[in-house]
Protein chains: 2
Amino acid sequence: MRIGEFAEAAGTTAKTLRFYEEQGLLPPPDRTSSGYRDYPPDAIARVDFVHRGQAAGLTLAQIRQIVDIRDAGHAPCAHVRDLLDARLRDIEQQIAQLTALRDTIANLRDDAAHPEPETCSADQVCRYV
Amino acid sequence: MRIGEFAEAAGTTAKTLRFYEEQGLLPPPDRTSSGYRDYPPDAIARVDFVHRGQAAGLTLAQIRQIVDIRDAGHAPCAHVRDLLDARLRDIEQQIAQLTALRDTIANLRDDAAHPEPETCSADQVCRYV
DNA sequence: CTTGACCTTCCCCTGTACTGGAAGGTCCAG
DNA sequence: CTGGACCTTCCAGTACAGGGGAAGGTCAAG
C-alpha cells in the first residue's frame, strides 16, 4: 500500500505519516524497488493508536514513550497510568486557571458595559483593562 | 532612565522591553547622545497596561490593537468590549472542551486501575488508550 | 511518447512571547 | 588606563504538530 492510499485509509495525510515516522511513532515501512514506502494494512492500528493518544490529550512525545515501551517488548500499562494521572492533574489545573480568568474577564466586561469614554485617560490607555 | 533600571521598576527585563518596542506596544523612547534608550518614568504606565492586558488573557497582538486606537487619538472602549466578549466566548469553549477531555481521561484512568497486561495485545499497543 | 498523478528528499514557514548569546560600544570607579 | 557593568544590534532558538512548496524520480493510461 503506497503512502497516499494508506494515509486516506488511516484518516490522515502523507505528510503527517512521514512526520510520524521521523518522530519514531511509526516503524519505517518497507520500500519498493523504486524507493516508495510500502505499508502493510495492519499498520493502520498504530496510526489509530496515535490518534487515540492525541484524543486523550497526550503529546506526540508521550505517545512515543508508550510505543517505545511496547516495542521494547513490555506492557506499558504502568507508564500509561502515570501519564494519564499527570495529564489529569494538568487539566484540572488548567480548568481552574481558565475559570478564574473567565471570572476576571467577566468582571472587566461588566464594567465596560457602562461606557464612560470621558473617564478614560490616555495615560492608562483604557480604564476597563 | 536607562533600560535596566526602567525594566526593574516596571517589573520586567530589558530584553522584553526591546521586544515590546519592536512589536509596537511601547513608543520608541528618546536616545542619549551615545545611543542608549532613555525612558521617561511615566512610560511605566504603558508597561503596566500591557501586563494588565495579559492578565486579562489578551495576546500582545490584541493589546497592540488597543494601544494603536488610543495612540490614534480615539477611546478604545468599544473595541475593548468586543475583544473581551470574544475572549470570554473562547474561554467558555476551552473550559467545555477541557471538561470533556477530563472526563474522557478519568474514564481511561479508571479502566487502567485494574491492570490486566495479558489482555494488551501488541497490536493495539495499550488497551487502555 | 507524453501527460498527469503520485512518490522521494529537502528546507523553510506557521503562531506565541519571549530568551540566549555574539560582537562591539559606553560609562564610571579605582 | 583598565576592568566590569551596562548598553547597542542582530541572529537564532524554544515548544508543538505539522503544512507549503521546490526539484526531481516513477508509474500507468492513452
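Procedures and definitions
Residues numbered from 1 in each chain as written. Chains lettered and ligands numbered in written order. Predicted model: local features only at pLDDT ≥ 70, side-chain atom pairs only at ≥ 80, totals over all residues. Heavy atoms only, no water. Helix = DSSP H or I, 4+ residues; strand = E, 2+ residues; numbered from the N terminus. Rg over C-alpha atoms; globule rule 2.2 N^0.38 Å. Buried < 20%, exposed > 50% of the residue type's maximum accessible area, 1.4 Å probe, protein only. Contact = heavy atoms within 4.5 Å. UniProt positions renumbered as here; feature names shortened; annotations may be inferred. Core = buried A, V, L, I, M, F, W, Y, C linked by side-chain atoms within 4.5 Å. Least-squares fit on C-alpha atoms with pLDDT ≥ 70 in both. Arc of directions from axis to C-beta.

## Some thoughts on the overall build of chain A
Right, on to step 1. Across its full length, chain A holds five helices and two strands.
Right, on to step 2. What you see in chain A, going N to C, is helices and strands ordered as α-α-β-β-α-α-α.
Right, on to step 3. Its C-alpha radius of gyration of 24 Å places chain A more than 25% over the 14 Å reference for a compact globule of 129 residues.
Right, on to step 4. Taken along the three principal axes of its C-alpha coordinates, chain A extends 75 × 35 × 25 Å.

## Observations concerning the environment of I95 of chain B
Right, on to step 1. As for its position among the elements, I95 of chain B is in helix α5 (residues 77-111).
Right, on to step 2. Taking relative accessible area as the criterion, I95 of chain B reaches 11% and is therefore assigned buried.
Right, on to step 3. Leaving out residues up to four positions away in the same chain, I95 of chain B has contacts with L98, T99 and R102 of chain A.

## Looking at the UniProt feature "coiled-coil region" (unreviewed entry) in chain A
Right, on to step 1. The feature "coiled-coil region" (unreviewed entry), as annotated in UniProt, sits at residues 81-111 of chain A in this numbering.
Right, on to step 2. Taken end to end, residues 81-111 of chain A comprises 100% helix and 0% strand; its first and last C-alpha atoms sit 45 Å apart.

## Brief notes about the UniProt feature "domain: HTH merR-type" (unreviewed entry) in chain A
Right, on to step 1. With numbering matched to this structure, UniProt assigns "domain: HTH merR-type" (unreviewed entry) to residues 1-69 of chain A.
Right, on to step 2. End C-alpha atoms of residues 1-69 of chain A are separated by 27 Å, and the span's content is 57% helix alongside 6% strand.

## With respect to the nonpolar core
Right, on to step 1. Formed by 71 residues in total, the largest nonpolar core has its most connected members in L17 and F49 of chain A together with L17 and F49 of chain B.
Right, on to step 2. Tallying contributions element by element places helix α5 (residues 77-112) of chain A first for this core, with twelve residues.
Right, on to step 3. Residues contacting F49 of chain B, with those up to four places away along its chain left out, are Q124, V125, C126 and V129 of chain A together with I63, I66 and V67 of chain B.

## Looking at the relation of the copies chain B and chain A
Right, on to step 1. Superposing chain B onto chain A takes a rotation of 180° combined with a translation of 0.0 Å along the rotation axis, leaving an RMSD of 0.1 Å. Taken together, the rotation angle and the small translation identify this as a two-fold axis. Closest to the rotation axis within chain B is the C-alpha of I95 of chain B, separated from it by 3.0 Å.
Right, on to step 2. Counting the interface residues of chain B, we find that 100% of their copies in chain A are interface residues as well, pointing to one common contact surface.

## Some points on helix α2 (residues 14-22) of chain B
Residues and elements named next belong to chain B.
Right, on to step 1. Burial in α2 covers these residues: A14, L17, Y20 and E21. Buried residues of α2 fall within an arc of 120° about the axis and therefore sit on the same side. Facing away from the buried side of α2 by over 90 degrees, the exposed positions are K15 and E22.
Right, on to step 2. The inward-facing, buried residues of α2 contact α1 (3-10), β1 (30-31), β2 (37-38), α3 (44-55) and α4 (60-71).

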